[in-house]
Amino acid sequence: MNPDLLVPDATGGCTALRAAGGTDGLAVGALVDPHETPTPLARRLDGAAIRVRGYLAPSLSPRAGRFLLTEASLAPCHLCGNIHGVAVGLAVEPSAPIAADIAMHEAVEVAGVLSLSAPEADGPVRDFALRDCTVVRLPRPDSAAGSEAKAWLRRFLDERSDPVARTRPMRPARPVTGAGPADTVLTNGHIRTVDRLSTTAEAVAIRGGRFIAVGDADEVATHAGPDTEILDLAGRTAVPGLIDSHIHQFYLGLNLPTVQLLDARSVADVQARIAERAAATPDGEWIVGTSGWHESLLAEGRMPTRWELDEAAPDNPVIVPRGGHVVTVNSKALERAGIADDTPDPVGGVIVRDPASGAATGVLLESAAYFARRVAPLIPPEDEMADLLKAAMKELNSYGVVSVTDPVIDETSMAVYRRLRDEDAITVRSELLYKAADRAGTERGIAAMQAETGDDMLCFPGIKFMLDGGVEGARLAEPYRIVPGEQPHADYRGLLMTPPGGEEEFVECLKLVAEAGMQAQTHGVGDEAIDVIIRCYAAVAEQTPIADLRWTLMHVFLPTDEAIETMRRIGVLATVQDHPVLLGHNQRRWWGDERAAAAIPIRRLIDSGLLVGGGTDGPVVPVDPFLSMWWMVTRGTLLGYTLGEDQAISAAEALELYTVNNARIMGVEDERGSIEPGKQADLAVLSQDIVEIEADEIRNTRALLTLVGGKVVHRDGM
């Protein structure tokens, strides 16, 4: 069939117009109904070459090379300047990379072949898309044809403004087992469903741990019975339960009883808190500080030294981590670690020394920190650790968090998680990744994960690798800056922590994960490390497609354009966290302002067509998701300055990163991530509407009520 323009007529048929003479393209809504299924017209056009107009948007599908053509845009419209709610979308698969001058969310015309996945008569269609496409940008208003394009878009935007159409569910309701009245109804609220239509609702009904109705208050009220609990939201905003796709939940539990330092503002404050703990600790026993703080918050702008910690606790070994890559310790701890003033720097680490005397200051970076960590207190007995893990989940519930990926798991921590599941004590749905560093560890991790049985509360999806360090150890293509008293080497470029067999062994590890049908997630911060990771992912993808396995790059601080394009091509996903709120200080000092501002380019990642999820990496940084979303929207830091404002995203996008996007990365988008009939009843009621308030107020948001599977796991003020 010729690439004619096909326009639906008043009878529901279509009229073919020669491309040369046609003035209108086919609207997306003529092909996709509000339930995300093909319309009768789309079924008739299966295999036809057609042209469709709309907005080009990143696809939420992990399928490589796929974009979305939507009827409206979440970005400012190039034609009218407004921001329109996204309606239905059609998947498009270009035959060649999108032209560099076409931006995401821009008005375009797409020509391609409509392809349905072999429908049988009126049977269900598994997938359909416009394939082998060419994408052409529609003229902007300042061009001669701009008024025509603007008029066309205005017509279909007006036609789609029917409020009934906007509030229809994204897809037909999933089957819900059981019958009878709802267990719970939440009503009189402003409920952001985060479905594909970005709809809002007044009420939801819950039965058997799942949403059974979402809509206006009168409609949902029909599901209430005499024993139904009615919760009046009094106009408050509710959102899907929040998901953190990268948080060390197990270590958050370990971190809870440590000396808390986030509110310390001077070395003297740190000393006072350590001294207070020392007064209640027997001589010779360890004192451990929190990892979730940063020296940039102190007036001195540096880590306390061994001598300052000696003053606070002369009779106890002291270790104060900062994140996962840096510690400072006192003299007794240095002695127990076997580190003297003349101990050489270990491979991949730095023993920070006083510039004048050469004495070790107590600050240990990257692999040097390991020597102190290995002699510090071990994980407590299982009974105590189980209580700490429950407390960590309770804290996350207090922020509206209902699901996490815990990325550093071994046999010991898995046993504690299993215990909580057996006791029905898990209140945060937990996806666990086994950490491996070489082929033997990968084999052990795969066997350990395959031996487990997952369920809705505890799942074992894959393996985590780590190829470089944090801000002070990221593997960079160009050298770090010299930081007096901390980083003295002019040629220092950070760590590259491939397995002993180098990239070849890393590819072998990844092949094992692919053969097992499991997810691989890899820590990548520096540009060179990211290039290695993506190069190895691509080597595996040549033999085994990985898009459906949802392989992921974690952190993504300094990706090159080439790495991003390869990620898009082979279907690699990305998770980002708000490290700069605390670590931006050292990004600037160690990397320089240009690299610091370019780090974690969320806007660029999304606009490149990647699926991006959000998180915190807590307790490396605070576990508060609203602080993380505040950073995404403002690019602010706790020191008051911003880094990389051009990479900010909207509040609505930040909410998507913390809900439906993370669900897709976890592979559970059919179960959670949005508020829709049939999905698990995970929900958070907030103190304010994070999408509508001033951006700087997002970090002051609280969760007033958190539900996991319809059960209240947190309540504060409701």
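Residues numbered from 1 in each chain as written. Predicted model: local features only at pLDDT ≥ 70, side-chain atom pairs only at ≥ 80, totals over all residues. Heavy atoms only, no water.

(A) Representation of the packing of aromatic side chains within the structure. The final tally for this structure, using the stated rule, is six aromatic pairs. Geometrically, the ring pair formed by Phe250 and Tyr251 is edge-to-face, given 5.6 Å between the ring centres and 80 degrees between the ring planes. With a relative accessible area of 1%, Phe250 lands in the buried category. Among the aromatic side chains, those forming a connected cluster through ring pairs are Tyr480, Tyr492 and Trp590. Above the plane of the ring of Tyr641 lies Arg588, whose end atom (NZ or CZ) is 4.4 Å from the centre. Note that Arg699 overlies the ring of Trp630, its terminal NZ or CZ placed 4.3 Å from the centroid. (Phe/Tyr/Trp six-rings, centres within 6.5 Å; stacked < 30°, edge-to-face > 60°. Buried < 20%, exposed > 50% of the residue type's maximum accessible area, 1.4 Å probe, protein only. Lys NZ or Arg CZ within 6 Å of the ring centre and 35° of its normal.)

(B) The confidence of the model for the chain, seen in detail. Taken over all residues, the pLDDT of the chain has a mean of 85, while the share at 70 or more is 85%. The low-confidence segment residues 1-23, where pLDDT is below 50, has 52 contacts with residues more than four positions distant or belonging to other chains. Predicted confidence for residues 141-177 stays below pLDDT 50, and this span has 66 contacts to residues more than four positions away or in other chains. (pLDDT = per-residue confidence, 0-100. Contact = heavy atoms within 4.5 Å.)

(C) Inspection of the environment of Glu505 at higher detail. In this structure, Glu505 sits in helix α13 (residues 502-515). On the basis of relative accessible area, Glu505 is assigned to the buried category, the value being 15%. Expressed as a C-alpha distance, the spacing of Glu505 and Arg439, which sit 66 residues apart in the sequence, is 6.7 Å. Contact partners of Glu505, with chain neighbours within four places excluded, come to Asp438, Arg439, Pro499 and Pro500. (Helix = DSSP H or I, 4+ residues; strand = E, 2+ residues; numbered from the N terminus.)

(D) Region of the structure containing the pairing of strand β30 (residues 703-708). Most of β30 is tucked away: six of the six residues are buried. Here strand β29 (residues 683-686) pairs with β30 via four bridges, running antiparallel. Of the residues in β30, the one forming a bridge with Val685 is Leu705. For β30 and strand β31 (residues 711-715), the ladder comprises four bridges, and the chain directions are antiparallel. Of the residues in β31, the one forming a bridge with Val708 is Lys711. Remark: two residues form the turn of the hairpin made by β30 and β31, two consecutive strands paired antiparallel; Gly709 in that turn has positive phi of roughly 60 degrees. (Pairing = 2+ DSSP bridges.)

(E) Here's a closer look at the packing of helix α10 (residues 382-397) against helix α11 (residues 411-422). Remark: α10 packs on α11, axes separated minimally by 10 Å, with the N-to-C direction vectors making an angle of 70 degrees. In terms of orientation, α10 lies roughly perpendicular with respect to α11. Only Ala415, Val416, Tyr417, Arg419 and Leu420 of α11 make contact with α10, whose side of the interface consists of Glu382, Asp383, Met385, Ala386, Leu389, Lys390 and Met393. Here the residues of the contact of α10 with α11 are counted per class, giving eight nonpolar, no polar and four charged. (Axes fitted to C-alpha atoms, helices over the stretch in contact; angles between N-to-C directions. Parallel < 35°, antiparallel > 145°, perpendicular 65-115°, else oblique. Nonpolar A, V, L, I, M, F, W, Y, C, P; charged D, E, K, R; others polar.)

(F) Region of interest: the sheet that holds strand β14 (residues 229-232). One open sheet accounts for four strands, arranged β13-β12-β9-β14; its pairing is mixed. Each end of this open sheet is capped by a strand with a single partner; those strands are β13 (210-215) and β14. Averaged over all pairs of adjacent strands, the angle between their axes in this sheet comes to 15 degrees, without regard to strand direction.

(G) The arrangement of the side chain of Gln587 in detail. Looking at the secondary structure, you find Gln587 in helix α16 (residues 580-591). Looking at Gln587, its side chain comes within polar contact range of the main-chain oxygen of Ala596, at 3.3 Å. (Polar contact = N/O pair within 3.5 Å; in protein donor to acceptor, adjacent residues only side chain to side chain.)

(H) Focus on the pattern of salt bridges. Counted under the stated rule, the structure contains 34 salt bridges. Of the charged contacts, one joins Arg353 and Asp345 as a salt bridge, the two residues approaching to 3.1 Å between their closest N and O atoms. Here Arg353 falls in the partly exposed class, since its relative accessible area comes to 23%. A single salt-bridge network, built from bridges that share partners, covers Glu382, Asp383, Arg419 and Glu423. (Salt bridge = Lys/Arg side-chain N within 4 Å of Asp/Glu carboxyl O.)

(I) Structural context of the nonpolar core. Of all hydrophobic cores here, the largest spans 129 residues; its most connected members are Ile274, Phe465, Tyr537, Trp551 and Trp591. With nine residues, helix α14 (residues 527-541) is the single largest residue contributor to this core. Those residues in contact with Phe465 that sit more than four places away from it in its chain are Ala436, Thr442, Phe506, Cys509, Leu510, Val513, Ala520, Gln521, Thr522 and His523. Counting 25 residues, the second-largest nonpolar core is a separate cluster that includes Leu26, Leu69, Val92 and Leu114. (Core = buried A, V, L, I, M, F, W, Y, C linked by side-chain atoms within 4.5 Å.)

(J) Molecular detail of the pairing of strand β20 (residues 349-353). Within β20, four of the five residues are buried, which leaves the element mostly enclosed by the surrounding structure. Looking at chain direction, β20 and strand β21 (residues 360-366) are connected through four bridges and run antiparallel. Bridging across to β21, Arg353 finds its partner in Ala360. The turn joining β20 and β21, which pair antiparallel and follow one another in sequence, is formed by six residues; a positive phi near 80 degrees is taken by Gly358.

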